[in-house]
Amino acid sequence: MTSSDSMPPEPAPGLWRRFTAAYASLLNHLVVASIAVLLVPVSLQIFSRHTALIPSYIWTEEMARFLFVWTISIGAMIGVRESTHFEVDVMPELPPRLEAVARLTGRIGILVLACVFVFAGIKFVEFAWWRISELAELPLWLIHLPWPLMGVTWIVFLGEQMLDDVLIILGRKAPPRKQDLSEIDAGTLNI
């Protein structure tokens, strides 16, 4: 019998975990939508530069930049949720509790960065609050908003992950089961 066999079964997710799962699902849908919308101004730029079929629209470059910043920011939020953005495996195979300590240490570093994004991002948004972009005349706070939003989102997702790591360290939660290479389906993005 292993230590994970003696652990109590996982309870149903609470309200907080259901909220974070729904928020992560929303972010997944938003990143897909933002990429789809990003295709419009980029396509207009390409066709207008290489054909005479449509006029050259100047606002498309600015709109593409706005959407690109949002797409990257949403992707970074998803990456922290899935532990794929800042996580790099450099340690050898460790026992579950030591592995949780290593993850917790890395997540504390991300938490510090998230706090910087929140506080500096708020100043960044305040700086742009009454300004508009030159070409599309969009409010500039729209392009500055992803920074504090990204920081807050990271804190939300990190809180959940750090709690799990602390519970593993204290022996109150079983460590996540690692997939064997034979179990990984190379045809999906969830490798």
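This one's a predicted model, so the numbers in the text were calculated from it and none came from an experiment.

Turning next to the side chain of Ser-73. As for its position among the elements, Ser-73 is in helix α2 (residues 59–81). A polar contact is formed between the side chain of Ser-73 and the backbone oxygen of Val-69, at a distance of 2.9 Å. When residues no more than four places from it in sequence are discounted, the contact partners of Ser-73 are Pro-146 and Met-150.

Looking now at unusual backbone geometry. Located in the positive-phi region is Ser-83, a residue other than glycine, with phi close to 55°. Within the element layout of this structure, Ser-83 appears in the loop between α2 and α3 (96–128).

Turning our attention to helix α1 (residues 15–50). In an α-helix, one full turn covers 3.6 residues, which means residues spaced three or four apart are oriented alike. With 36 residues, α1 extends 53 Å between its outermost C-alpha atoms, agreeing within 8% with the 52 Å of an ideal straight helix rising 1.5 Å per residue. Looking at α1, one finds that the buried residues are Thr-20, Tyr-23, Ala-24, Leu-27, Val-31, Ser-34, Leu-38, Pro-41, Gln-45 and Ser-48. Looking at the buried side of α1, the elements it contacts are α2 and α5 (146–169).

With that settled, the discussion passes to the confidence of the model for the chain. For the chain, mean pLDDT is 84; residues scoring 70 or higher make up 81% of the total. Of all secondary-structure elements in the chain, the lowest mean pLDDT belongs to helix α4 (residues 141–144), at 89, while α5 reaches the highest, 94.

All right, on to the packing of α3 against α5 then. The geometry of α3 relative to α5 is characterised by a closest axis approach of 8 Å and an angle of 160° between their N-to-C directions. The pairing of α3 with α5 is recorded here as roughly antiparallel in orientation. Where α3 crosses over α5, the two elements pack in a sense that is left-handed. Residues belonging to the contact of α3 with α5 are distributed by class as follows: 26 nonpolar, 3 polar and 4 charged.

We now examine the pattern of salt bridges. Here the structure, examined in full by the defined rule, presents 9 salt bridges. Here Arg-81 ties to Glu-160 by a salt bridge, and the two come within 2.7 Å at their closest N and O atoms. Here Arg-81 is found in helix α2, whereas its partner Glu-160 is found in helix α5, with 79 residues between them in sequence. Overall, Arg-81 belongs to the partly exposed group, its relative accessible area being 24%. The class for Glu-160 is buried, based on a relative accessible area of 9%. Among the salt bridges present, the one from Lys-173 reaches Asp-164, with a minimum N-O distance of 3.0 Å. Of the two residues, Lys-173 and Asp-164, neither departs from the other in class, the shared state being buried.

Cut-offs applied
- Residues numbered from 1 in each chain as written.
- Predicted model: local features only at pLDDT ≥ 70, side-chain atom pairs only at ≥ 80, totals over all residues.
- Heavy atoms only, no water.
- Helix = DSSP H or I, 4+ residues; strand = E, 2+ residues; numbered from the N terminus.
- Polar contact = N/O pair within 3.5 Å; in protein donor to acceptor, adjacent residues only side chain to side chain.
- Contact = heavy atoms within 4.5 Å.
- Expected span 1.5 Å × (residues − 1).
- Buried < 20%, exposed > 50% of the residue type's maximum accessible area, 1.4 Å probe, protein only.
- pLDDT = per-residue confidence, 0-100.
- Axes fitted to C-alpha atoms, helices over the stretch in contact; angles between N-to-C directions.
- Parallel < 35°, antiparallel > 145°, perpendicular 65-115°, else oblique.
- Left-handed = near helix turned anticlockwise from the far one by under 90°.
- Nonpolar A, V, L, I, M, F, W, Y, C, P; charged D, E, K, R; others polar.
- Salt bridge = Lys/Arg side-chain N within 4 Å of Asp/Glu carboxyl O.

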